[in-house]
Amino acid sequence: MNKIEFKFKNALKLQEKKEYAKALKILIPLAQNGFSKAQRILGESYLQGIGVNININKSIFWFTKASEQNDAVSFYWLGFIYEPGMDIKGMEIKIKNHDKSKKFYELAVKFFQKDAEDADAEAMRWLAICYQTGSGITQNFEKAIYWFERALEHGNLFAANDLFTIYSQKGTPWYDEQKARGFYDKLKRTKSQVVYEK
């Protein structure tokens with residue numbers, strides 16, 4: 001792990017501890033120096049109000065910077081921001097643009113697919129989310145489940161939470177209480193913070 005990656009990992013740990021001011025002191029210089037992962041995290045922070053006030057313009061700015069380096073998750077978030085019908089706090093309706101949203105989602109899928117085939121667990125999960133929501137690709141729950149399962153096999157516990165959610169939705173073809181309970185128990189055993197309490 002190089003020095004930049006080390007600093008970035010420390011910033012993420014500080015965010016997890018809710019020490020946002022300390023995290024930002026690390027993330028902002030990294031982002032200003034062109035580190036795409038830090039740029040993406042700042043975009044997410046301004047989008048969701050994590051340690052900062054929600055600021056859609058700053059969110060778009062940092063996601064755009066990261067996307068210029070082909071950061072797939074940033075493409076996804078830009079698609080999300082511009083998607084008509086998405087109710088985002090602090091977002092002005094006039095910024096919505098279907099064509100922009102579609103373009104960014106499709107770019108996200110392109111890079112998720114490439115990275116997923118290279119056994120990148122995070123990309124597998126994001127590709128599954130795209131199949132689940134029909135973002136940039138035709139909606140397909142079977143493929144979503146397939147990629148969530150692949151992501152989990154490669155160590156992404158968030159995918160277990162996603163599978164738990166899918167299998168616990170009553171009234172859908174995928175409802176399976178036994179499978180849902182299995183993923184829920186797996187999350188509890190690992191003491192994962194992404195467990196949904198039932």
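Per chain, residues are indexed from 1 in the order of the written sequence. Given that the model is predicted, a residue must reach a pLDDT of at least 70 before its local features are reported, and side-chain atom pairs must reach 80 or more before they are shown or counted; all residues, however, enter totals for whole chains, interfaces and linings. To get the side-chain values, all heavy atoms of the structure are used, and hydrogens and water are removed first.

1. Looking at the overall build of the protein
Stated formally: Helix and strand definitions follow DSSP, with helices as H or I runs of at least four residues and strands as E runs of at least two, each counted in order from the N terminus. Between buried and exposed lies partly exposed: a residue is buried under 20% and exposed over 50% of the maximum accessible area for its type, with that area taken using a 1.4 Å probe on protein chains only. Pairs of residues are marked as contacts when any of their non-hydrogen atoms sit within 4.5 Å. Using a 1.4 Å probe, the Shrake-Rupley method yields the accessible areas, and only the shown protein chains count as cover for residues.
The helix and strand inventory of the protein stands at 10 helices and 0 strands. Each helix (α) and strand (β) of the protein, taken in turn from the N terminus, gives the series α-α-α-α-α-α-α-α-α-α. Here the protein holds 198 residues, and the buried ones make up 44% of them. Pairs at least 24 apart in sequence give 43% of the contacts found in the protein among residues at least 6 apart. Carbon and sulfur atoms make up 49% of the accessible area of the protein, which totals about 11,400 Å².

2. Description of the pattern of salt bridges
We apply this condition: Salt bridges are identified by distance alone: a Lys or Arg side-chain nitrogen within 4 Å of an Asp or Glu carboxyl oxygen.
Scanning the entire structure with this criterion turns up 7 salt bridges. In this structure, Arg40 and Asp71 form a salt bridge, with 3.1 Å as the shortest nitrogen-oxygen distance. A residue pair is termed long-range when its members are at least 10 positions apart, and Arg40 in helix α3 (residues 36–48) and Asp71 in the loop between α4 (56–67) and α5 (72–82) qualify at 31 residues. For Arg181, the salt bridge is made with Asp185, and the minimal N-O distance between the two is 3.8 Å. Here Arg181 and its partner Asp185 are both found in helix α10 (residues 177–189), 4 residues apart, which amounts to about one turn of the helix. Residue Arg181 is classed as partly exposed on the basis of its relative accessible area of 37%. Here the salt bridges share partners, and the residues they tie into one network are Arg40, Asp71 and Glu122.

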